[in-house]
Amino acid sequence: MKKIIYIVMFLMIYSCQDDILDKSPLGSISDTVVWSDPVLIDSYLIDLYAQTPVFVNDATSTGGPHSTNLVGMFTVNEMSDEATFGWGFYTRFEVANAKGGLLDINGGMLEYWELPYKVIRALNVFIEKIADAPVPENFKKVRTAEAKFLRAFNYFAMVKRYGGVPLITKAQNIDDSREELYPARNSEKEVYDFIISEMTSAAKDLPSVVPTEDLGRPSKFAALALKSRVALYAGSIAQYGDVQLDGLLGFPIGESVNYYQTSYDASLEIISEGHHALYNQDTDKTNNFKNIFLNEGNRETIFSKRYDGVSNGGIVWGYDFAQAPNPHAWGAGNKDAPFLEMVYEFERLDGSPGVISSEELGNSLWTIEELWGGRDPRLLATIYTQDTPWQGEKVDFHNGIILEDGTIQHEGSYSGEDGSGEVILAKGRDFQPSGTGFGVMKYLDPNADNLQGIANSKTDYIVFRYAEILLNLAESAFELGKTDEALEAINKIRERAGMPVRTSIDFDDIVHERKVELAFEGHRYWDLRRWRRAEEKLTGGNSGIRYVYDYGQDKYAVWLFDKNVETVYGNGNRVPLFKPHYYYFPITLSRTGQNPNLLENPGY
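My aim in this report is to walk through the structure given alongside it, one point at a time. Source: prediction; values computed, not measured.

What to know about the pairing of strand E2 (residues 301-305)
Then step 1. Most of E2 is tucked away: 5 of the 5 residues are buried.
Then step 2. When E2 meets strand E13 (residues 461-465), the two strands line up antiparallel, connected through 4 bridges. Note on E13: the bridge partner recorded for Phe303 is Phe464.

As structure tokens, this is what we get:
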């Protein structure tokens, strides 16, 4: 599945075969033909993989700004406390309004409703039709399990946004009853329970090892990974959330333990079977962490969305073009600009906190090594900053030169008074007015040619990886009172990273490790929501910096935008504000208008 082939392409291929042409005109292939041919059945299902953009960091569209071809996979990072909007094809104000307290009944960013129901209907058709198809039983069993995996993933993307949604498991037809055509919402609990049940079943029918020709399809362990994640979400919402709308939202008191146990069991099954493991092939810990995402098909990867980088007939996405520093065709890049607080989350190598006081940061001159050296090796595998090596050069974010006489030059260039002849630009080539002094390194292909166009990335996107399963196990074990197991799981991740192990553990240690290990992988925003910590963490300003080069000292002064980066330049002049009712997106006025049986969420 490295190269997605749409059904129309299969029809074109079949149109060239005499036996098919003799039987039916082009474009008139009957259901009987489609559902009796494994190739056509596969083409139908493959198209539904392509129509599930949320696989890739919660992108929500198959075309336009919110697709993976452009910048849809970055929105969830910018809605969190990881990064601000650097540039993009949607506007800064869209993010600002959704993040800054202006989300209303009309909806906002990350909406995902119409497309998944279109995909779910097609999957329901698939599941019904393949049941009676004259194809090998094992083929039928595996493809049905895949369809259930796709359907469950789409339902999970919806339930974590809206809470309870209509749970439709049969293909609707125009002559169905009004109740079926205009369904009411199922409860949040019913949707979570459905996903968990479906993945329990699918795990029994999917192969442990996906054949080479089927890479990109889910294995048994992908189904268990989805079950692990979904049950963990349900457990934390049951523990920290409230029951609302007469049980439509939330879980009955005491349900959290059952869900934590389900997540724990699913995680433990993946771990115990030994098929997957932490990637740990490189001596250099920074390079090792980078290569988790660049060395495709390694044992850490449980399920990935595959890309080949071929813009004409292949499968591509726009990650490198959007995220990388220069050289860049548009002089842009740096789509997600990480906050200083995100950088500080990475501890020093001895395990001590990585924070530099504002006073010390602003009143000293620094080398980059003094600022960011001696830290968790995952830092420079996750984030780039001033002087980070990149494609034979170094990232250059500096904005201004402190001259020998103490004045600051912001325009043009400077060659100094020492007669060396070295010319330094007043602004570095990577300086962005909307930047924070940092960019995202994770997933960047050092060989990508970002002078050639937008959608040319060929690196696979990892949907589930083994480190997440260890973190899920750690959290569920901790909540179940198995603190020794939680500690062991966390320490496996820290040891792989090159960090000292912990001797004890609390919940905040787990929160920290998830934030660092899974940074910019689409977890942080949803974690804060399910823990009901978003009101605290997604309210208030965040920080960024400017590097100013001191020519005489060959060091940098650091100008701090302290807790106000959004109002200075980052998010449309709105400080983030997460209101209590934002834990559930609005169903929206347009959707409740189309279906009067849909009850709107509270607060809108």
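Description of the packing of helix H10 (residues 188-205) against helix H11 (residues 220-240)
Then step 1. Here H10 crosses H11 at 155°, and the two axes come no closer than 9 Å. As judged from the angle between their axes, H10 and H11 are roughly antiparallel. You can see that H10 and H11 cross each other, and the crossing is left-handed. Between H10 and H11, the contacting residues are Glu188, Tyr192, Ile195, Ile196, Met199, Thr200, Ala202 and Ala203 on the first element and Lys220, Ala223, Leu224, Leu226, Lys227, Val230, Ala231, Tyr233, Ala234 and Ile237 on the second.

Concerning the packing of helix H8 (residues 137-162) against H10
Then step 1. Between H8 and H10, the shortest axis-to-axis distance is 9 Å and the interhelical angle comes to 155°. Compared by their axis directions, H8 and H10 come out roughly antiparallel. Here H8 and H10 pass one another in a crossing that is left-handed. On H10, the residues that touch Lys141, Val142, Ala145, Lys148, Phe149, Arg151, Ala152, Tyr155, Phe156, Val159 and Lys160 of H8 are Glu188, Val191, Tyr192, Phe194, Ile195, Glu198, Met199, Ser201, Ala202 and Asp205.

Focus on the environment of Ser228
Then step 1. You can see Ser228 is positioned in helix H11.
Then step 2. Sequence separation between Ser228 and Val191 is 37 residues; the distance between their C-alpha atoms is 15 Å.
Then step 3. Filtering out sequence-adjacent residues up to four positions away, Ser228 remains in contact with Ser263, Ala266, Ser267, Ile469 and Asn472.
Then step 4. One polar contact links Ser228 to Asn472, side chain to side chain, over a distance of 3.0 Å.

Topic: helix H12 (residues 256-273)
Then step 1. In this model H12 runs 26 Å from its N-terminal to its C-terminal C-alpha over 18 residues, within 8% of the 26 Å that 1.5 Å per residue would give.
Then step 2. Inspection of H12 places Ser256, Tyr259, Tyr260, Ser263, Tyr264, Ala266, Ser267, Ile270 and Ile271 among the buried residues, and these make up the whole buried set. Seen along its axis, H12 keeps its buried residues to an arc of 165°; they face one direction.
Then step 3. Where H12 is buried, its residues touch H10, H11, E2, helix H19 (466-479) and helix H20 (483-497).

Looking at the packing of aromatic side chains
Aromatic ring pairs: the centre-centre distance and the angle between the two ring planes describe each pair.
Then step 1. Considering all chains together, one arrives at 47 aromatic pairs under this definition.
Then step 2. Taking the centre distance of 5.7 Å and the plane angle of 55° together, the rings of Trp87 and Phe89 count as tilted.
Then step 3. Among the aromatic side chains, those forming a connected cluster through ring pairs are Phe74, Phe289, Phe293, Tyr307, Trp317, Tyr319, Tyr443 and Tyr461.
Then step 4. In this structure, Lys482 is placed above the aromatic ring of Tyr264, and the distance from its NZ or CZ to the ring centre is 5.2 Å.

Some words on unusual backbone geometry
Then step 1. Cis rather than trans, the peptide bond between Asn326 and Pro327 has omega equal to 5°.
Then step 2. Unusually for a residue other than glycine, Phe520 sits at a positive phi of about 65°.
Then step 3. Inspection of the secondary structure assignment puts Phe520 in the loop between helix H21 (507-517) and helix H22 (524-530).
Then step 4. Using a relative accessible area of 3% as the deciding quantity, one classes Phe520 as buried.

Details of the side chain of Asn57
Then step 1. Inspection of the secondary structure puts Asn57 in the loop between helix H4 (38-50) and helix H5 (75-78).
Then step 2. When its relative accessible area of 5% is taken as the criterion, Asn57 is described as buried.
Then step 3. Of the polar contacts made by the side chain of Asn57, one reaches the side chain of Asn77; its length is 3.3 Å.
Then step 4. Among the polar contacts made by the side chain of Asn57, one reaches the main-chain amide nitrogen of Gly522 at a distance of 2.9 Å.
Then step 5. Not counting residues up to four positions away in its chain, the partners in contact with Asn57 are Gly72, Met73, Val76, Asn77, Tyr461, Phe520, Glu521 and Gly522.

The rules behind the values
One numbering rule holds for all chains: residues counted from 1, following each sequence as written. In view of the model being predicted, local features appear only for residues whose pLDDT reaches at least 70, and side-chain atom pairs are presented and counted only at 80 or more, with totals across whole chains, interfaces and linings using the full set of residues. Side-chain metrics in this entry use all non-hydrogen atoms of the structure; hydrogen atoms and water are not considered. Residue exposure (1.4 Å probe, protein chains only): buried if accessible area is under 20% of the type maximum, exposed if over 50%, otherwise partly exposed. Strands are runs of DSSP state E lasting at least two residues, helices are runs of H or I lasting at least four, and both sets are numbered from the N terminus onward. Note: two strands are recorded as paired if DSSP finds a minimum of 2 bridges between them. Fitted lines through C-alpha atoms give the axes, limited to the stretch in contact for helices. The angle between two N-to-C directions lies from 0 to 180 degrees. Any angle from 65 to 115 degrees is called roughly perpendicular, while one under 35 is roughly parallel, one over 145 is roughly antiparallel, and all others are oblique. Handedness of a crossing is defined here by the sense of rotation of the near helix relative to the far one, left-handed for an anticlockwise turn of less than a right angle and right-handed for a clockwise turn. In what follows, a contact means two residues having at least one pair of non-hydrogen atoms within 4.5 Å. Distance and chemistry together define a polar contact, namely a pair of N or O atoms within 3.5 Å, with one atom able to donate a hydrogen and the other to accept it when in protein, and with adjacent residues in sequence counting only for side-chain atoms on both sides. By definition here, a helix of n residues has an expected span of 1.5 Å times n minus one. This arc describes the spread of directions from the helix axis toward the C-beta atoms. Any two rings among Phe, Tyr and Trp, with Trp reduced to its six-membered ring, count as a pair given centres within 6.5 Å; such a pair is stacked if its planes are under 30 degrees apart, edge-to-face if over 60, and tilted if neither. Two conditions define a charge located above a ring, namely a distance within 6 Å from the ring centre to NZ of Lys or CZ of Arg, and an angle within 35 degrees of the ring normal.

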